[in-house]
Amino acid sequence: MARRSGAESFQPVASTLPLADFPNLSLAAARMPRHIAIVMDGNGRWANQRGLARCEGHRRGKDSVRAVVEAARELGIPYLTLFAFSHENWRRPGGEVRFLMQLLHRYLTTELKRMMKRGIRVIALGELERLPAPVRSALERTIEATAENRGMTVALALSYGGRQEIVKAARRLAEAAAAGQIRPDQIDEPAFAGALGNGGIPDPDLLIRTSGEIRISNFFLFQLAYTELYFTETLWPDFRERDLLAALEAYQARQRRFGAVAENAASAPFSVAN
Ligand code: FPP
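Predicted model, so just to flag it, every value in this text is computed and none were measured.

## Quick look at helix α4 (residues 133–146)
No. 1: Taking 1.5 Å of rise per residue, the 14 residues of α4 would be expected to cover 20 Å, and the 20 Å separating its terminal C-alpha atoms lies within 8% of that figure.
No. 2: Looking only at α4, the buried set comprises Val-135, Leu-139, Thr-142 and Thr-146. With its buried residues spanning 65° around the axis, α4 presents them on a single face. Seen from the buried face of α4, the exposed residues on the opposite side, beyond 90 degrees, are Ala-133 and Glu-144.

## Some words on unusual backbone geometry
No. 1: A positive phi angle, close to 50°, is found at Ser-159, a residue other than glycine.
No. 2: With respect to the helices and strands, the residue Ser-159 is situated in strand β4 (residues 152–160).
No. 3: The phi torsion at Ser-217 lies on the positive side, around 55°, for a residue other than glycine.
No. 4: Within the secondary structure, Ser-217 sits in the loop between β5 (206–209) and β6 (228–231).

## Thoughts on the site of the ligand
No. 1: Lining the immediate surroundings of the ligand are 20 residues, of which Asn-43, Gly-44, Arg-45, Gly-61 and Tyr-107 lie closest.
No. 2: Looking at the shell around the ligand, the elements that each hand over two or more residues are α1 (43–49), α2 (54–75), β2 (79–86) and α3 (94–118).
No. 3: Within the shell around the ligand, the residues separate by chemical class into 10 nonpolar, seven polar and three charged.

## Some points on the packing of α3 against α4
No. 1: The contact between α3 and α4 brings their axes to 9 Å, and the two run at 15°. One finds that α3 runs roughly parallel with respect to α4. Note on packing geometry: the crossing formed by α3 with α4 is left-handed. Contact with α3, carried on its side by Met-101, Leu-104, His-105, Leu-108, Thr-109, Leu-112, Met-115 and Met-116, involves Pro-134, Val-135, Ala-138, Leu-139, Thr-142, Ala-145 and Thr-146 of α4 and no other residues of that element.
No. 2: When grouped by side-chain class, the residues that make up the contact of α3 with α4 number 11 nonpolar, four polar and no charged.

Definitions and limits used
- Residues numbered from 1 in each chain as written.
- Predicted model: local features only at pLDDT ≥ 70, side-chain atom pairs only at ≥ 80, totals over all residues.
- Helix = DSSP H or I, 4+ residues; strand = E, 2+ residues; numbered from the N terminus.
- Expected span 1.5 Å × (residues − 1).
- Buried ≥ 20, exposed ≤ 12 C-beta atoms within 10 Å, placed from the backbone.
- Arc of directions from axis to C-beta.
- Near = placed C-beta within 6 Å.
- Nonpolar A, V, L, I, M, F, W, Y, C, P; charged D, E, K, R; others polar.
- Axes fitted to C-alpha atoms, helices over the stretch in contact; angles between N-to-C directions.
- Parallel < 35°, antiparallel > 145°, perpendicular 65-115°, else oblique.
- Left-handed = near helix turned anticlockwise from the far one by under 90°.
- Contact = placed C-beta atoms within 7 Å.

Quick look at the structure:
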């Protein structure tokens, strides 16, 4: 990774990551993303390349989840969303879906201690009612146990689809309007963002997708309007701290203008309260 040049003065990122392993890295604390969203892709290919069953890729992908959550926490990233299971993933073979649900269950039960220790709050987005009962209970327990943690928020997108979320929000607003609780002219961008029901977290500043696929795949369709997109060939099971740092370095090299010109483009057109 190349050292950034120029006269800009950097406030080095306070981190307990072994940054000594990355002597050429420079990240400006003031320009870290508030919210990183990740499409964790390539588990199946990682396993295929090794002659293993697809599920082995998912199993190893869970290690990447732990590594990235902890690295983001140590880097002081306030929000991290992980696209862990999509609305469309239900169409996978039953055995793979069951395995993914078991993996998620295990993750939620075994990681709770570490999350509490690191002050991580967990929330979930998506059609959670479709999850198997044991996963739902484990999720509810984790959400409840971590609710007061303030170190970082990890949002798990589960049975999540961006279009479905938008349709639901439109229905909610239409019902509120029909019931006389809101006037149609009060439905603006912040009101719509609020109706999406994604826990009041800000829009992502940075989206990372692994495995070389260059598409959004029904993820955060409303929220990605001004997000910086970063695609890497690295398969999710291989994605570790160094890959996160590379994405952050690429992010910091971008100029975000939000459709304005550089001098008055300090922030997104509107932001969701949190
Ligand atoms: C996409 O890879 C990945 C998934 C559908 C599941 C993501 C799940 C994990 C990373 C494991 C555990 C997650 C948590 C939160 C504990 P793919 O199977 O589509 O890969 P391919 O495109 O190479 O087939």
